[in-house]
Amino acid sequence: MTNLSLWVLLLPLLGFIILGLAGRFMPRTAILAVGWGACGLAFLCAAISFFSMLATPAAQRTSDQVVYHWISAGTFSLDFGLLLDPLSMTMLLVVTGVGLLIHIYSAGYMADDPSFWRFFAYLNFFIFAMVMLVIANNFLFLLVGWGLVGLASYLLIGFWYQRRSAVAAAQKAFVINVIGDFGLMLAIFLIFQGAGRLDYAGVLTHTFPAATATAIALLLFVACAAKSAQLPLYMWLPDAMEGPTPVSALIHAATMVTAGVYLVARAYPLFEQSPAALAVVAGIGGATALFAATIALFQLDIKRVLAYSTISQLGYMFMAEGVHNYSAGIFHLVTHAFFKALLFLGAGAVIHALAGEQDMRKMGGLWGRLRVTGLTFLIASLAISGIIPFAGFWSKDEILGSVLAYGNQTGNVWYYILWAIGILTAGMTAFYMFRLFFGIFAGDYRGASVAVNDNTNGDVEEQEAAAAGHHHAGPVRYNSIHDVAPVMSIPLIILAILSVIGGFIGSMALFGLPNWSPLANFLPAAMHNHAAEGSLTLEWISTGLSLLAGVLGIGMAWRLYGKGFAFKQNSNPLYQLVFHKYYVDEILNAVLIIPVLALSRTLSRYLEGDVLDGGSRGISTLFRGTSTFMRRVQTGYMRNYALGILLGVVVIIVYYAVRG
Amino acid sequence: MPLSAYLIMSALLFTIGVIGVLIRRNPLIIFMSIELMLNAVNLSFVALSHFLDSADGQMFVFLVLTVAAAEVVVGLALIVSIYRRRHNIDVDEMNIMRG
């Protein structure tokens, strides 16, 4: 098997180093050559490895390659190694492939930005970090990658650091991610204590005591929840939309936020040892899917709708992993990467065309002007809504089907409830996606004419974000709106094609064709699935109902917004609750941030100011006083020093003379 | 003559040397005083060597003479270079190290 994974890791790093050191002085074409080249060659290497892996018999597809021995201390040894198996192969293809498309798109989207080189340097750095996370063969280098993607995310959210809101969002993301990193570190400590080693090959075959296994799995899941924006650590992701839109597409939709899903799939033998932890994974996943979907129903900022939608879809993936169907989670990860990246890039194209406008109330009617964007956006919306035969249908139905089958197998009513939540969320997803679609593309253009009363909705945050927009320059006249350049539309078209056919890589068990394509058992064979085998009837019930929910959602959106989006103020308290995102940010502010800030201010004034600073001032005053006195001894007259020496000698002689 | 006479003589010479170092301001005189101190020590070395019937003390005298010669060379070189810089070799004027 040809294994080029080391190059997949090193090429983006090389690109980052070149751009980081010399990018400032390079012309744009050279920046693009390095940025695209690094990512494109990495993708090429990944693709070559992939095809070579496909040609290998399924049993020999795992390659654990040691690059160098890092630590060897007593019985403990740790290598920097690359583990290439179907799971990491899939992730590599997604990361470098979607990454490449977004590199290409960014050339158009960021064309006017003065920090062009910095953007591509960070993008290459992110690809490197993510590949490191995915390809590491032990938990320690996983942690390294885990931390580095957090750093890349921080840098890219705060890319427009002149904006206060972007800086605040970057800090929020970083702080919440560090909570997750902390969980991961604790889990690694426990793993080391229990197994005495950190490489996957050793740890994942080790049997831990039940309590330890649960603790490890739950701590790992804390890390996953922070990275993948699950309850209760999801708050950073909507704010992360402050970053440039290609960043939202790459990091905060397609790849980095799926690291948690990857980690659960990678460490599934640990989760298998703890049914309680898996139940938590499934429960949190389901709760997050529903919770985020409800918020997405009423958002007005198009990128925030997509952000909440991402959180919700990640919830689906965890739901699948919670019922032992790890490959279904990864399958949904792949299809979601296609259509969610496409949705974000489409939203980016709209924002670009409207000179920075993100408020749905000031859009509408763009179908006539943005034909390619509209069409690809429609395909992605259909895919995420789970309409047959688009990609999202296959993966979402595999998840819902396995949840129902697991409920049927265990007879546990909670899994039926989870399944119902999944169906409900599918309907909501279809509704908010088509609300968004109609809001952007249907009806009449509202940008130039309709004055939106900003004061009534209380959504000051979005207004500020829009007002501080990077290149926001007031409303654009309808006739001057142009569809995006080919450099941006080609990635859209490729992703749209993938969103249509991406689902066919799964197994078509629904139609009795479990082995129809060479890819059908690529992942499941490697994951030793413990998923419940449902009957075909159950699968069809689940499929039919989710399809129905999707169609109903689209229908409702069509009835309400088909003629164009109109924002209506609604005083219904439930509506207000959801519209304000359950006041989570406000509650956090009141419960956590304001008391902490008050405490910090008090401490900095009294503890640091009076006690610590006062103490050090006292010490310095003492020394200064002493030295003012003592320096008189240094007269500069040689005779005084000579006298000092003489006196010293006399004292010593007298001492010895007296002592005898 | 008894040994004590040599030692008292040596102590007197040494004290004169010390006082010279402490009170004179001309570095050349200070050097002479230092030589005086060194030779006071030499005197006691030689006297003790004689009275103890041992050559060790005389060996030390040669050592001291060598060191004294080297010290004078360095010291005179310093004085010359200071004089070139300041046209003055009064040690009380050289007090830039005052705290």
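Residues numbered from 1 in each chain as written. Chains lettered and ligands numbered in written order. Predicted model: local features only at pLDDT ≥ 70, side-chain atom pairs only at ≥ 80, totals over all residues. Heavy atoms only, no water.

J.: Where do I start with the overall build of chain B in this structure?
T.: The number of helices and strands found in chain B is three helices and zero strands. Ordering the α and β elements of chain B from the N terminus gives α-α-α. With 99 residues in all, chain B has 26% of them scored as buried. Counting only contacts in chain B whose residues sit at least 6 apart along the sequence, the fraction spanning at least 24 positions is 58%. On chain B, roughly 6800 Å² of surface is accessible, and the fraction owed to carbon and sulfur atoms is 72%. (Helix = DSSP H or I, 4+ residues; strand = E, 2+ residues; numbered from the N terminus. Buried < 20%, exposed > 50% of the residue type's maximum accessible area, 1.4 Å probe, protein only. Contact = heavy atoms within 4.5 Å. Areas by Shrake-Rupley, 256 points an atom, 1.4 Å probe, with all protein chains shown as cover.)

J.: What exactly am I supposed to notice about the overall build of chain A here?
T.: Counting its regular elements, chain A contains 25 helices and two strands. Considering only C-alpha atoms, chain A reaches an extent of 110 × 65 × 50 Å along its principal axes. Residue burial in chain A is summarised as follows: out of 660 residues, 56% are buried. Intrachain contacts of chain A at a sequence separation of at least 6 include 80% that bridge at least 24 residues. Accessible area of chain A: about 26800 Å², with a carbon and sulfur share of 69%. For chain A, the separation between the mean place of its 33 positive charges and that of its 30 negative charges on side chains is 11 Å. (Lys, Arg positive; Asp, Glu negative; His and termini not counted. Charge placed at Lys NZ, Arg CZ, Asp CG, Glu CD.)

J.: Before we go on, may I ask you to explain the side chain of Lys303(A) in this structure?
T.: Residue and element names in this part refer to chain A. Along the polypeptide, Lys303 turns up in helix H14 (residues 302–322). Lacking a salt bridge, the buried Lys303 has Asp301 as its closest oppositely charged neighbour, with an N-O distance of 7.0 Å. A distance of 3.4 Å separates a polar atom in the side chain of Lys303 from a polar atom in the side chain of Thr245. Within the local environment of Lys303, its side chain forms a polar contact with the side chain of Ser248, the two groups lying 3.2 Å apart. The contact partners of Lys303, leaving out residues within four places of it in the chain, are Met241, Gly243, Pro244, Thr245, Ser248, Phe344, Ile351 and Gln358. (Salt bridge = Lys/Arg side-chain N within 4 Å of Asp/Glu carboxyl O. Polar contact = N/O pair within 3.5 Å; in protein donor to acceptor, adjacent residues only side chain to side chain.)

J.: Got a minute to help me understand the confidence of the model for chain B in this structure?
T.: Any residue range with low pLDDT should be treated as having predicted coordinates unsuitable for detailed reading. This prediction gives chain B a mean pLDDT of 89; 99% of its residues lie at or above 70. Two numbers describe this predicted complex: its pTM, 0.77, and its ipTM, 0.78. (pLDDT = per-residue confidence, 0-100.)

J.: How do you make sense of the interface of chain B and chain A when you look at a structure like this?
T.: When the parts of a complex come together, some accessible area is lost, and that lost area is often taken as the interface size. Facing 14 residues of chain B, the contacting portion of chain A comprises 11 residues. In total, chain B and chain A occlude about 1000 Å² of area from one another, counting both sides; carbon and sulfur atoms represent 62% of this. Summed over the shared surface of chain B and chain A, the result is zero salt bridges. Inspection of the chain B/chain A interface yields zero residue pairs in polar contact (both at pLDDT 80 or more). In terms of residue count, helix H1 (residues 3–23) of chain B provides more of the side of chain B that touches chain A than any other element does, four residues in total. (Buried area = accessible area lost by both parts, 1.4 Å probe.)

J.: In this structure, what is going on with the domain arrangement of chain A? I would like to understand it.
T.: Domain boundaries in chain A define domain 1 (335–450 + 479–579) and domain 2 (588–659). Each of domain 1 of chain A and domain 2 of chain A has a C-alpha centre, and these two points are 69 Å apart. (Domains from an automatic or database assignment.)

J.: Before we go on, may I ask you to explain the nonpolar core in this structure?
T.: One recurring pattern in soluble globular proteins is that nonpolar side chains are buried together. Residues and elements named next belong to chain A. Formed by 196 residues in total, the largest nonpolar core has its most connected members in Phe139, Leu220, Leu270, Phe271 and Leu366. The dominant element in this core, judged by the number of residues it contributes, is helix H4 (residues 116–135), at 18 residues. In contact with Leu366, other than residues within four places in its own chain, are Val350, Leu354, Ile440, Phe441, Tyr445, Tyr478 and Ile481. Formed by 18 residues, the second largest nonpolar core is a distinct cluster that contains Ala320, Leu418, Trp419 and Leu538. (Core = buried A, V, L, I, M, F, W, Y, C linked by side-chain atoms within 4.5 Å.)

J.: Looking at this model, I keep getting lost on the pattern of salt bridges. Mind explaining?
T.: Pairing between side chains becomes possible if they bear opposite charge and their charged atoms approach one another. All names here are of chain A. Counting across every chain of the model gives eight salt bridges over all chains. For the salt bridge of Asp199 with Arg197, the shortest nitrogen-to-oxygen distance reads 3.0 Å. The residue Arg361 makes a salt bridge to Asp359 at a minimum N-O spacing of 2.6 Å. Given the relative accessible area of 5%, Arg361 is considered buried.

J.: Looking at this structure, I do not really get the UniProt feature "transmembrane region" (unreviewed entry) in chain B. What am I missing?
T.: Residues and elements named next belong to chain B. In the numbering used here, UniProt assigns the feature "transmembrane region" (unreviewed entry) to residues 6–23, 28–48 and 60–83. Counting secondary structure, residues 6–23 comes out at 100% helix and 0% strand; the distance between its end C-alpha atoms is 26 Å. Its end C-alpha atoms 34 Å apart, residues 60–83 is made of 100% helix and 0% strand. (UniProt positions renumbered as here; feature names shortened; annotations may be inferred.)

J.: Any chance you could explain the UniProt feature "domain: NADH-Ubiquinone oxidoreductase (complex I) chain 5 N-terminal" (unreviewed entry) in chain A here in plain terms?
T.: In the UniProt entry, the feature "domain: NADH-Ubiquinone oxidoreductase (complex I) chain 5 N-terminal" (unreviewed entry) is given for residues 70–120 of chain A. The span residues 70–120 of chain A carries 57% helix and 25% strand; its end-to-end C-alpha distance comes to 31 Å.

J.: Got a minute to help me understand the environment of Trp7(A) in this structure?
T.: Residues and elements named next belong to chain A. By secondary structure assignment, the location of Trp7 is in helix H1 (residues 5–22). Along the primary structure Trp7 and Phe43 are separated by 36 residues, whereas in three dimensions their C-alpha atoms are 9.7 Å apart. With near-sequence residues (within four places) excluded, Trp7 lies in contact with Pro12 and Cys45.

J.: I tried to follow the state of the cysteines on my own but got confused; where do I start?
T.: One way to say it: the disulfide is the covalent bond shared by the sulfur atoms of two cysteines. Residue and element names in this part refer to chain A. Under the criterion given, the structure shown has zero disulfides over all chains. With no disulfide of its own, Cys39 lies 11 Å from the sulfur of Cys45, the closest cysteine sulfur. For Cys39, a relative accessible area of 0% gives the class buried. (Disulfide = S-S within 2.5 Å.)

J.: How should I be thinking about helix H18 (residues 413–441) of chain A in this particular structure?
T.: Because an α-helix completes one turn every 3.6 residues, residues spaced three or four positions apart along the sequence face the same direction. All names here are of chain A. Between its first and last C-alpha atoms H18 spans 42 Å; for 29 residues at 1.5 Å apiece the expected length is 42 Å, and the two agree. Of all 29 residues in H18, 22 are buried; the element is thus mostly enclosed. Between the side-chain oxygen at the start of H18 and the backbone nitrogen of Trp414 there is a gap of 3.0 Å, and the oxygen is on Asn412. Where H18 terminates, the next one or two residues include Gly443, which has phi positive at roughly 70°. (Expected span 1.5 Å × (residues − 1).)

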